[in-house]
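# Summary of the model geometry
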Amino acid sequence: MKEKIMTEYNRWLEADYIDDETKEEIKRLQDFPEQLQDSFYKSLEFGTAGARGIVGVGPNRLNCYTVRRITQGYAQFLQKNYKNEANTHGVVIAYDNRHYSKEFALEVARTLAANKINAYLFSQITTTPELSYAVRYLKTVGGVVITASHNPPQYNGYKVYDETGCQMVPELAEQLVAEIQTIQSYDISVADEEDEHIHLLDTSIDEDFLNDELAVLHHSDVFSELSDDFKVLYTPLHGTGRKPVLEGLSRLGLKKVYTVEEQLVPDPEFSTVELPNPEDVKAFTLALEVARKEDISLLLATDPDCDRVGVMVRTNKGEYQALNGNQIGALVIYYLLSTNEEWKKQPKPYIASSIVTSDLGEVIAKDFGVESVRTLTGFKYIGEQMNQRLKDQTFIMGYEESYGFLVSLLERDKDGVSASFVLTEMAAYYWQQGKTLVDVLHELDERYGYYREALISLTLPGQKGMAEIQALMQKLRYLDLENESFIHQRIDYLKDETGLPKADVLQFTLKNQAKIFVRPSGTEPKIKFYIGVCGSSEKEAQEQIYVCQQWIQKIQED
Ligand SMILES: O=P(O)(O)OC[C@H]1O[C@H](O)[C@H](O)[C@@H](O)[C@@H]1O
């Protein structure tokens, strides 16, 4: 292994096409053997959401050479699948505010252009949902967005979209990977920035995107009657959401929109937050300071590429409560189905969510006679379902516990822009009835049972971490259930027939029907344990969660 790593290391160091600055960086790695090993031991892989990695030198890092190699493979893949159409229809490329996002986006465009494929490049930082929208709007054969979503600042990523605006499903991603693997060298030709195949997009697409996103709402009239004490705060957490979300909220006629000034700055270091992830309540720290001062009713925060949104709500007691992705999803489903009759006139309505998402959404949907479709983790699988059901079914909503929501057919990926609008409308709608979103959640508890969830994520970075994650999965896969008295059943999504594609996921169903899912993350060096329970009271639900947490801890320690 060591020898293989050093061969690759020397190959980079000696290659004449690698620039001097990169070579200096490569040499510096000699003083950091662990980093050296991690940078050179393999090539970047495609996971849940494309390739994601630390920005740096070497094949296992994101840099202009690995970006060019992936893009060269992508160009070959497109030309094989779409022939001449690949060149003419081309690819649209967006990027967020991370380090090197803009530079990498340009490398994608230059590599595609060298292959005579038209590259439509956004001229400023853009949200991921707008990229998905743009693929459909411009009728390109695909799309790329340079972003690492909510990962720490040292990361970046390369997400690839198909011609429907859906992130590539494994079948396509495998073909793409096979194509990338045929490229042994990082010596890849790129066109000039001024090449005729590179087209900078103007802002007309932003305007159409925003108008279409606002048109998704059913009750936007609610805003005209709102009292001034309904106040909303929005923060993009230094990311791309600022323009569309703030502009949209103002067009809705909301008079009282607040923000966190410092977080409007598109900062690649995300300096005012530990992690730019709305799943982490700490991301709301500054927002809460403003909220407490101004008595704000609803707080929204989107992640850097604005495909996901987190929510905090001021309760009747004046306290602020964070909602998790399962609660937000359940509220939106309930809101869409109970306050609007339109969907009843449409054929075979359905919602879609991932298997690790709470059962509550499904229970609500079924209560309204709406089908619930389950997929593996990754919004691409929801997008895939939307494409497959386009002809004869009606899409109501797709969502994941990880704060991704989509309520329209405008895209095939989760959308923090339209979700922000829907959540604001929903909060305003109930506000008019004297209720907060937390009050509505209590109503759902009463009506459907106390669905509660907990997520345990263990971060295990690098090569060593990956081995630990695999060892833990193996241990759970072969654990003798005879000794685990409260577990009723284990489903192995890699081996058992579940009706879904094979995946490295384990499901433990407990005797009381609670569920624990375990899977390695596809976007971060983590193993995730998802606990989902349903009790007849808050206390009972919390007790069930506690038992699951204890079991997970025991497994780790044994
Ligand atoms: O659990 P992971 O594999 O890290 O995925 C967590 C989330 O990551 C990205 O945001 C994907 O687009 C989502 O679809 C996924 O749910």
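Each value, and the rule that gives it
- Residues numbered from 1 in each chain as written.
- Predicted model: local features only at pLDDT ≥ 70, side-chain atom pairs only at ≥ 80, totals over all residues.
- Heavy atoms only, no water.
- Helix = DSSP H or I, 4+ residues; strand = E, 2+ residues; numbered from the N terminus.
- Rg over C-alpha atoms; globule rule 2.2 N^0.38 Å.
- Buried < 20%, exposed > 50% of the residue type's maximum accessible area, 1.4 Å probe, protein only.
- Contact = heavy atoms within 4.5 Å.
- Salt bridge = Lys/Arg side-chain N within 4 Å of Asp/Glu carboxyl O.
- Near = heavy atom within 4 Å.
- Polar contact = N/O pair within 3.5 Å; in protein donor to acceptor, adjacent residues only side chain to side chain.
- Areas by Shrake-Rupley, 256 points an atom, 1.4 Å probe, with all protein chains shown as cover.
- Nonpolar A, V, L, I, M, F, W, Y, C, P; charged D, E, K, R; others polar.
- Domains from an automatic or database assignment.
- Buried area = accessible area lost by both parts, 1.4 Å probe.
- UniProt positions renumbered as here; feature names shortened; annotations may be inferred.
- Expected span 1.5 Å × (residues − 1).
- Pairing = 2+ DSSP bridges.
- Axes fitted to C-alpha atoms, helices over the stretch in contact; angles between N-to-C directions.
- Core = buried A, V, L, I, M, F, W, Y, C linked by side-chain atoms within 4.5 Å.

When helices and strands are counted, the protein chain shows 18 helices and 21 strands. For the protein chain, the C-alpha radius of gyration of 24 Å lies close to 24 Å, the compact-globule estimate for 558 residues. The principal-axis extent of the C-alpha atoms belonging to the protein chain is close to 70 × 60 × 50 Å. Relative to its 558 residues, the protein chain shows a buried fraction of 59%. Partitioning the contacts of the protein chain with sequence separation of at least 6, the portion at a separation of at least 24 is 70%.

The next subject is the pattern of salt bridges. Going through the model one piece at a time under the given rule, you end up with 39 salt bridges. Residue Lys159 is joined to Asp307 by a salt bridge in which the shortest nitrogen-to-oxygen separation is 3.1 Å. With Lys159 in strand S6 (residues 155-161) and Asp307 in the loop between strand S10 (298-302) and strand S11 (309-314), the pair connects residues that are 148 residues apart, well separated along the chain. On the basis of relative accessible area, Asp307 is assigned to the buried category, the value being 1%. A salt bridge links Arg374 to Asp359; the nearest nitrogen and oxygen atoms lie 2.8 Å apart.

A word on the site of the ligand. Lining the immediate environment of the ligand, one finds 14 residues, of which Glu400, Lys414, Arg519, Ser521 and Thr523 sit closest. Contact between the ligand and Lys414: an oxygen atom at 2.6 Å from a side-chain N or O atom of the residue. Thr523 is positioned such that a nitrogen or oxygen atom in its side chain is 2.4 Å from an oxygen atom of the ligand. Taking 390 Å² as the accessible area of the ligand by itself, protein coverage stands at 99%. Along the lines of polarity and charge, the residues of the shell around the ligand split into two nonpolar, seven polar and five charged.

Domain boundaries assigned for the protein chain yield domain 1 (42-202), domain 2 (209-448) and domain 3 (451-557). When each unit is reduced to the centre of its C-alpha atoms, the spacing between domain 2 and domain 3 is 27 Å. Contacts between domain 2 and domain 3 engage 16 residues on the former and 14 residues on the latter. Across the domain 2 to domain 3 interface the summed buried area is about 1300 Å²; carbon plus sulfur atoms make up 60%. A per-residue breakdown of the area domain 2 buries against domain 3 is headed by Ile355, Val356 and Leu376, which together make up 37% of the total. Remark: the boundary between domain 2 and domain 3 carries two salt bridges. Note that Arg452 is salt-bridged to Asp445, the shortest N-O span being 2.9 Å. One can count five residue pairs in polar contact (both at pLDDT 80 or more) joining domain 2 with domain 3. When contributions to the side of domain 2 that touches domain 3 are tallied by element, the ones reaching two or more residues are helix H13 (360-367), strand S14 (371-375) and helix H16 (437-448). In the side of domain 2 that touches domain 3, the residues fall into six nonpolar, five polar and five charged.

Moving on, we come to the UniProt feature "domain: Alpha-D-phosphohexomutase alpha/beta/alpha" (unreviewed entry) in the protein chain. The UniProt record annotates "domain: Alpha-D-phosphohexomutase alpha/beta/alpha" (unreviewed entry) at residues 45-186, 226-317 and 324-446. Its end C-alpha atoms 21 Å apart, residues 226-317 is made of 22% helix and 20% strand. End C-alpha to end C-alpha, residues 324-446 measures 18 Å, and it is 48% helix and 17% strand.

Take H16 next. With twelve residues, H16 should cover 16 Å at 1.5 Å per step; its first-to-last C-alpha distance of 16 Å lies within 8% of that length. Restricting attention to buried positions, one finds in H16 the residues Leu437, Val438, Asp439, Val440, Leu441, Leu444, Asp445 and Tyr448. Looking one or two residues beyond H16, the residue adopting positive phi is Gly449, at roughly 110 degrees.

Another aspect to go through is the sheet that holds strand S9 (residues 257-259). The strand order S9-S8-S10-S11-S12 describes an open sheet built from five strands, whose pairing is mixed. Each edge of the sheet is formed by a strand with only one pairing partner; in this case those strands are S9 and strand S12 (320-323). This sheet shows a mean twist of 25 degrees between the axes of neighbouring strands, independent of strand direction. Two strands pair when backbone bridges link them, and strand S8 (residues 232-235) and S9 are joined in this way by three bridges, in the parallel orientation. The partner of Tyr234 across the bridge, within S9, is Thr259. Contacts from helix H12 (residues 325-338) reach S11 and S12, with the element oriented near 85 degrees to S12. Against the sheet, H16 engages S10, S11 and S12, with an angle of about 55 degrees to S12.

One finds Leu323, Val332, Met397, Phe421 and Leu437 to be the most contacted residues of the largest nonpolar core, which totals 70 residues. Counting the residues that make up this core, at least three belong to each of domain 1 (42-202) and domain 2 (209-448). For Leu323, the contacting residues outside a window of four places in its chain are Val311, Val313, Ile328, Leu331, Tyr403, Leu437, Val438 and Leu441. Counting 35 residues, the second largest nonpolar core, distinct from the first, contains Ala51, Ile70, Ala109 and Ala113.

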